Amino acid sequence: MKEILLMVQRVTVFILIATLVTNIFSGTEYKKYLQYAMGLIVIVLVVSPFFKLISRGIDLREWTDLTIQEGISGEDGRD
């Protein structure tokens, strides 16, 4: 669950910074190239946690089951 929250936080911060940079360069001919590069970076930010899990040898089904169980136990107030 922590990996998902960290990924969402990183993507959110990057999108805020990317919006700021895009607005700074809004009148230039480089805007479309900036948007393209920023889109690729967002894709990498979203996909990289899954590649880390795979490289550790963790099965994605096993990881999702554990994450769901942690979420259910956290809702009850039990840890």
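Novice: I keep staring at helix α1 (residues 2-24) and nothing clicks. Help me out?
Specialist: Each full turn of the α-helix corresponds to 3.6 residues, which orients residues three or four apart in the same direction. In a regular helix each residue adds 1.5 Å, so 23 residues correspond to 33 Å; α1 covers 33 Å between its end C-alpha atoms and thus fits that length. Listing the buried residues of α1 in full gives M7, V11, F14, A18 and T22. Contacts made by the buried residues of α1 are with α2 (31-55).

Novice: I'm lost on a nonpolar patch on the surface in this one. Help?
Specialist: There is a patch of nonpolar side chains on the surface, built from V46, F50, F51, I54 and L60 and spanning about 440 Å² of accessible area. Relative to the elements of secondary structure, V46 occurs in helix α2. The class for V46 is partly exposed, based on a relative accessible area of 32%.

Novice: I tried to follow the confidence of the model for the protein chain on my own but got confused; where do I start?
Specialist: When pLDDT is low, close inspection of the predicted coordinates is not appropriate. Mean pLDDT over the protein chain: 80, with 90% of residues reaching 70 or higher. Here helix α3 (residues 60-75) is the element of the protein chain with the lowest mean pLDDT, 73, and α1 is the one with the highest, 87.

Novice: Would you mind showing me how to read the packing of α1 against α2 here?
Specialist: Axis angle and axis distance: for two packed helices, these are the angle between their axes and the distance between the axes, and together they describe the pair. For the pair α1 and α2, the least separation of the axes is 11 Å and the interaxial angle reads 175 degrees. In terms of axis orientation, α1 runs roughly antiparallel to α2. Across the interface between the two elements, M7, R10, V11, F14, I15, A18, V21 and T22 from α1 touch K31, L34, Q35, M38, I41, V42, L45, V46, P49 and K52 from α2. Residue classes in the contact of α1 with α2 are distributed as 13 nonpolar, two polar and three charged.

Novice: Would you mind showing me how to read α2 here?
Specialist: Taking 1.5 Å as the rise per residue, α2 with 25 residues should run 36 Å; its terminal C-alpha atoms sit 35 Å apart, in good agreement. At V47, α2 shows its strongest bend, of approximately 35 degrees, with the proline P49 following within four residues. Where α2 ends, the next residue or the one after it, G57, has phi of about 85 degrees, a positive value.

About the criteria used
- Residues numbered from 1 in each chain as written.
- Predicted model: local features only at pLDDT ≥ 70, side-chain atom pairs only at ≥ 80, totals over all residues.
- Heavy atoms only, no water.
- Helix = DSSP H or I, 4+ residues; strand = E, 2+ residues; numbered from the N terminus.
- Expected span 1.5 Å × (residues − 1).
- Buried < 20%, exposed > 50% of the residue type's maximum accessible area, 1.4 Å probe, protein only.
- Contact = heavy atoms within 4.5 Å.
- Patch = residues over 30% accessible without salt bridge, like charges linked within 9 Å, V, L, I, M, F, W, Y side chains within 5 Å.
- Areas by Shrake-Rupley, 256 points an atom, 1.4 Å probe, with all protein chains shown as cover.
- Salt bridge = Lys/Arg side-chain N within 4 Å of Asp/Glu carboxyl O.
- pLDDT = per-residue confidence, 0-100.
- Axes fitted to C-alpha atoms, helices over the stretch in contact; angles between N-to-C directions.
- Parallel < 35°, antiparallel > 145°, perpendicular 65-115°, else oblique.
- Nonpolar A, V, L, I, M, F, W, Y, C, P; charged D, E, K, R; others polar.
- Bend = angle between axes of the 7 residues up to and from the residue.

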